[in-house]
Amino acid sequence: MNKKQIRAHIFATIIGKVEDQDETRRLEALNEFMAVTGTAGSASEQVASLIPPIMHELYEKWITLFIDRLLETVDAKNIEILCDGSDDNNAALVLAYVMFLESARMEKQIDEDLRQHGMKGTGQDDMGDVAASYIRAQMAKIAQQMGDDELKGNC
């Protein structure tokens, strides 16, 4: 595989996982997060319904950053093995992406991107902060599940 094919495979694998998200589960998770953290007081359901899904362009940006970093740090032969299309290797790519999102550099980038996204949508910084907190909590939850055979939750 050449670099272009590798990039296309990794991108398709991860964006496919992102696009498989179920809106009902997303709202339930947001509601649960806000109820547990007290973010929205007694109106967590209503507030959850006001938070729009993260724009597709943010996922594309983060996936592209992941691919760039992976190609910079991992030998191309090893990456090519991960791009064989098998379920196990696709899961490994998604897991590597989740771990990349948990890095300090990406936490800062995600916070910044979500704040800008929240400001665009509401003119206020609050929604970006709520979304950033939710994403961090979901990534921590996924990290705890890493020992399981498959990823669970809205990842």
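In this text the structure is predicted, and so the values were computed from the model without any measurement.

Caption draft 1: A look at the overall build of the chain. In terms of regular secondary structure, the chain is built from eight helices and zero strands. When its helices and strands are written in sequence order, the chain yields α-α-α-α-α-α-α-α. Taking all 155 residues of the chain together, 35% fall into the buried category. Pairs at least 24 residues apart make up 71% of the contacts formed inside the chain by residues separated by at least 6 positions.

Caption draft 2: Representation of the pattern of salt bridges within the structure. Enumeration according to the criterion identifies three salt bridges in this entry. Note that Asp113 is salt-bridged to Lys61, the shortest N-O span being 2.9 Å. Pair noted here: Asp113 is in helix α7 (residues 104-122) and Lys61 is in helix α4 (residues 56-73), with a separation of 52 residues, a long-range link. A relative accessible area of 3% means that Asp113 is categorised as buried. Here Lys61 falls in the partly exposed class, since its relative accessible area comes to 35%. Here Glu72 makes a salt bridge to Arg69, at a shortest N to O gap of 3.1 Å.

Caption draft 3: Focus on the packing of aromatic side chains. If you walk through the whole model with that rule in mind, you get three aromatic pairs. Judged by centre distance (5.6 Å) and plane angle (75°), the ring pair of Phe66 and Tyr97 falls under edge-to-face. Taken together, the residues Phe66 in helix α4 and Tyr97 in helix α6 (residues 87-101) connect sequence positions 31 residues apart. You can call Phe66 buried: its relative accessible area is 3%. An angle of 55° between the planes, with centres 5.6 Å apart, marks the rings of Phe66 and Phe100 as tilted.

Caption draft 4: Representation of the packing of helix α1 (residues 3-19) against α6. Where α1 meets α6, the closest approach of the two axes is 10 Å, and the angle between their N-to-C directions is 75°. As the angle between them shows, α1 and α6 are arranged roughly perpendicular. Counting all contacts with α1, which are made through His9, Ile10, Thr13, Ile14 and Lys17, the residues of α6 involved are Asn90, Leu93, Val94 and Tyr97. Class assignment for the residues of the contact of α1 with α6 results in five nonpolar, three polar and one charged.

Caption draft 5: Quick look at the environment of Ile110. Counting through the fold element by element, Ile110 comes out in helix α7. We classify Ile110 as buried; its relative accessible area is 3%. Along the primary structure Ile110 and Trp62 are separated by 48 residues, whereas in three dimensions their C-alpha atoms are 8.2 Å apart.

Caption draft 6: Quick look at the nonpolar core. The biggest cluster of nonpolar side chains holds 24 residues, and the ones touching the most others in it are Ile10, Trp62, Phe66 and Tyr97. Contributing elements (two or more residues each) for this core: α1, α4, α6 and α7. It is α4 that contributes the most residues to this core, eight residues altogether. When neighbours within four sequence positions are excluded, Trp62 is seen to be in contact with Ile54, Tyr97, Phe100, Leu101, Met106, Ile110, Asp113 and Leu114. Counting residues in hydrophobic clusters, the runner-up holds five residues, among them Leu30, Phe33, Ala48 and Ile51.

What counts and what doesn't
Residues numbered from 1 in each chain as written. Predicted model: local features only at pLDDT ≥ 70, side-chain atom pairs only at ≥ 80, totals over all residues. Heavy atoms only, no water. Helix = DSSP H or I, 4+ residues; strand = E, 2+ residues; numbered from the N terminus. Buried < 20%, exposed > 50% of the residue type's maximum accessible area, 1.4 Å probe, protein only. Contact = heavy atoms within 4.5 Å. Salt bridge = Lys/Arg side-chain N within 4 Å of Asp/Glu carboxyl O. Phe/Tyr/Trp six-rings, centres within 6.5 Å; stacked < 30°, edge-to-face > 60°. Axes fitted to C-alpha atoms, helices over the stretch in contact; angles between N-to-C directions. Parallel < 35°, antiparallel > 145°, perpendicular 65-115°, else oblique. Nonpolar A, V, L, I, M, F, W, Y, C, P; charged D, E, K, R; others polar. Core = buried A, V, L, I, M, F, W, Y, C linked by side-chain atoms within 4.5 Å.

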